[in-house]
Amino acid sequence: MPLNVGDTGYGSVDRPGLSASGAAGNSETAALFQLTGEEEQERRPMSKEALEESAGGPAWRRLRCYLVVLFWLAWMAMLATAVAIIVTSPRPVATPLAWWQKSLFFQLQPDLFTATPPGGSGVVDALCDQLPYFKSLGISALILRGLFDPINATESGGRSGALPHVQHLLSESDRVGLKVLLDVCDVQLFGTREDETKEPLDATQHALRFWLGQGVVGFLICDTDAAYTEESLMLWRSIVEEFNKEDEERIVVVKQTRELLPPLRVSGQQLNVTLVDVVLRSVLPDSPRLLSARQVAGAIETHLQMAEDTWLGWMVGGKAPFDLRRLLLVLLMTLPGTPVVQYDQLDHAQGGNGSKSSDFTEKFKLKRSIVALFSSLSHNRAREEALLFGSFTFLPFNDSSNATLSSPSSPPILAFLRSWGCVHFLVLLNTGSEPRGLDPAWEISLPEAGVFVASTAMDRLGAVTLHTLVLRPREAVVVKLFEPGNYS
């Protein structure tokens, strides 16, 4: 009998659906992968309705919509809260400034024009060549003095035919975007009136209209001039307003030479300050002698503490030690108001004794350094609201501080803040001959650190910690503070 005949034997498998003879399906392989009805139904892809029912039905879809709406409502609420905080937070309101309040004035020295040969144009041509350079330094307007007599140099040409050269200068200045003012301080008969004849008054009106028509944007007079009277200034104001343009207002500037500016009164009442646009004041007192460092510090302190309700212009004036010129330039460019820089402040070829330097290389380095300082200050002033029209806070000092760094006789550091919103600049001036640190009393209201914007030697860069800062003799620095503080 054959082995296993009629017996499934060892290793046989009973499978549902197979007959005893094994004929059903006729293939064991096909039977291994054959699914039952329930298994086939379980492995079949779910329909949309079945998927929704498995995920919780339409309620889950509604829940997802609610979550999306809730997310966007929360996001909008946070955005609205942020906007409300910004809107309701106290912030400074900028007052629109006129062009002359934002400008940097450059006064040319009278002796630049005294050597002009009759009928010649050498100085004027040389000046015209420098106009683009002046503009690149951030200068906005020129103040001309000593080139001609404004009364006589009209249609007739004045002194030795100077009119064509002046007209050329005005034309070139306008081409490069520089405005021009005429300094007519102490010009004879300018703005006077005599009872016997109206000729001087008529000549003044004619000269004012002539030069305004030539493109001059204003005039500078002194408080000692005959023009500094109520009647004359009202006349000047009416004439300059005739030539006002929407984007270019003509101005009258008064240079203050006395300790107090003589008031202008009508019927016992002080006139509106709009009769003059700028009161130009010297930082240093006019003195025939060279001022000491202590006198310079005292003059600066006096001006820093003086409250004014008029728009001020500042020039250095006076006679200060040569090594204080850069310090005074920093002061001039950071005070509130309009700075008026003089030609010799950018020409440091002369030493303290007035003799020319014999070393051309040193002279070149010196001039390049002062120009770099001036350019840095002018461009920072132009783009920083705090320096342009920000608030001013003078920091009082204590003479007894910093005794370990300097002698009590050395002038203390002078300091003030220029602030706008959360931006603050700290200006420090050491007029003394010895190193000085900051007054510890200032640390209460000042942040700990800042970054250098400018320094007299232009050799300080990067961040600085205030409590470790020591100013060198005759040094001034401008520091932009890192953190806002309470400086009111």
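The paragraphs below set out a description of the structure included in this document. (Residues numbered from 1 in each chain as written. Predicted model: local features only at pLDDT ≥ 70, side-chain atom pairs only at ≥ 80, totals over all residues. Heavy atoms only, no water.)

A count of helical and extended segments in the chain gives 13 helices and 18 strands. Accessible surface computed for the chain: about 27000 Å², of which carbon and sulfur atoms make up 55%. (Helix = DSSP H or I, 4+ residues; strand = E, 2+ residues; numbered from the N terminus. Areas by Shrake-Rupley, 256 points an atom, 1.4 Å probe, with all protein chains shown as cover.)

Turning to a nonpolar patch on the surface, a few remarks are in order. On the surface, Val-68, Phe-71, Trp-72, Trp-75, Met-76, Met-78, Leu-79 and Val-83 cluster together into a nonpolar patch covering about 830 Å² of accessible area. Structurally, Val-83 is set in helix H4 (residues 58-88). With relative accessibility at 44%, the residue Val-83 sits in the partly exposed group. (Patch = residues over 30% accessible without salt bridge, like charges linked within 9 Å, V, L, I, M, F, W, Y side chains within 5 Å. Salt bridge = Lys/Arg side-chain N within 4 Å of Asp/Glu carboxyl O. Buried < 20%, exposed > 50% of the residue type's maximum accessible area, 1.4 Å probe, protein only.)

Here we come to unusual backbone geometry. For Met-458, which is not a glycine, the phi torsion comes out positive at approximately 55°. Secondary-structure assignment places Met-458 in the loop between strand E15 (449-455) and strand E16 (463-465). On the basis of relative accessibility, which here comes to 31%, the residue Met-458 falls in the partly exposed class. Phi is positive for Arg-474, which is not a glycine, with a value near 60°. Secondary-structure assignment places Arg-474 in the loop between strand E17 (470-471) and strand E18 (475-481).

For the rest of this paragraph, the subject is helix H11 (residues 325-334). Within H11, 9 of the 10 residues are buried, which leaves it mostly tucked inside the rest of the structure. Of the residues making up H11, those classed as buried are Arg-326, Leu-327, Leu-328, Leu-329, Val-330, Leu-331, Leu-332, Met-333 and Thr-334.

Let us look at the sheet that holds strand E4 (residues 218-222). Read around the closed barrel, 8 strands run E1-E2-E3-E4-E5-E8-E9-E10, paired in parallel fashion. Strand-to-strand twist in this sheet, taken as the mean axis angle between neighbours without regard to direction, amounts to 25°. Bridge analysis of strand E5 (residues 251-255) against strand E8 (residues 278-282) gives 3 bridges, and the strand direction is parallel. Looking at E8, one finds that Lys-255 is bridged to Leu-280. (Pairing = 2+ DSSP bridges. Axes fitted to C-alpha atoms, helices over the stretch in contact; angles between N-to-C directions.)

This part takes up the packing of aromatic side chains. Throughout the structure, instances matching the rule amount to 11 aromatic pairs. Measuring from centroid to centroid gives 5.0 Å for Phe-392 and Phe-416, while their planes differ by 40°, and the two rings are tilted. Pair noted here: Phe-392 is in strand E11 (residues 391-395) and Phe-416 is in strand E12 (residues 414-420), with a separation of 24 residues, a long-range link. Using a relative accessible area of 27% as the deciding quantity, one classes Phe-392 as partly exposed. Looking at Phe-416, the relative accessible area reads 0%, which means it is buried. Taken together, the ring pairs in this structure connect Phe-106, Tyr-133, Phe-134 and Tyr-343 into an aromatic cluster. Above the plane of the ring of Trp-99 lies Lys-179, whose end atom (NZ or CZ) is 5.1 Å from the centre. (Phe/Tyr/Trp six-rings, centres within 6.5 Å; stacked < 30°, edge-to-face > 60°. Lys NZ or Arg CZ within 6 Å of the ring centre and 35° of its normal.)

A few words on the packing of helix H10 (residues 293-304) against H11. Closest axis-to-axis distance for the H10/H11 pair is 13 Å, and the angle between their directions is 0°. Accordingly, the angle class assigned to the pair H10 and H11 is roughly parallel. On the side of H10, the interface is formed by Val-296, Ile-300 and Leu-304, while H11 contributes Leu-327, Leu-328 and Leu-331. (Parallel < 35°, antiparallel > 145°, perpendicular 65-115°, else oblique. Contact = heavy atoms within 4.5 Å.)

All right, on to the environment of Arg-258 then. Along the chain, Arg-258 falls in the loop between E5 and strand E6 (265-266). On the accessibility criterion, Arg-258 (43% relative accessible area) is partly exposed. Distance from Arg-258 to Thr-224, taken between C-alpha atoms, is 8.3 Å for residues 34 residues apart in sequence. Apart from residues no more than four positions distant in its own chain, Arg-258 is found in contact with Asp-223 and Thr-224.

What follows deals with the sheet that holds E18. For sheets, the rule is that strands pair by backbone hydrogen bonds, running either parallel or antiparallel. With antiparallel pairing, the 6 strands of this open sheet are ordered in space as E11-E12-E13-E18-E15-E16. The sheet terminates laterally at E11 and E16, the two strands that pair on one side only. In this sheet, neighbouring strand axes are inclined to one another by 30° on average, regardless of whether the strands run parallel or antiparallel. Its contacts with the sheet put H10 on E11, E12 and strand E13 (423-430), and the angle it makes with E12 is roughly 30°.

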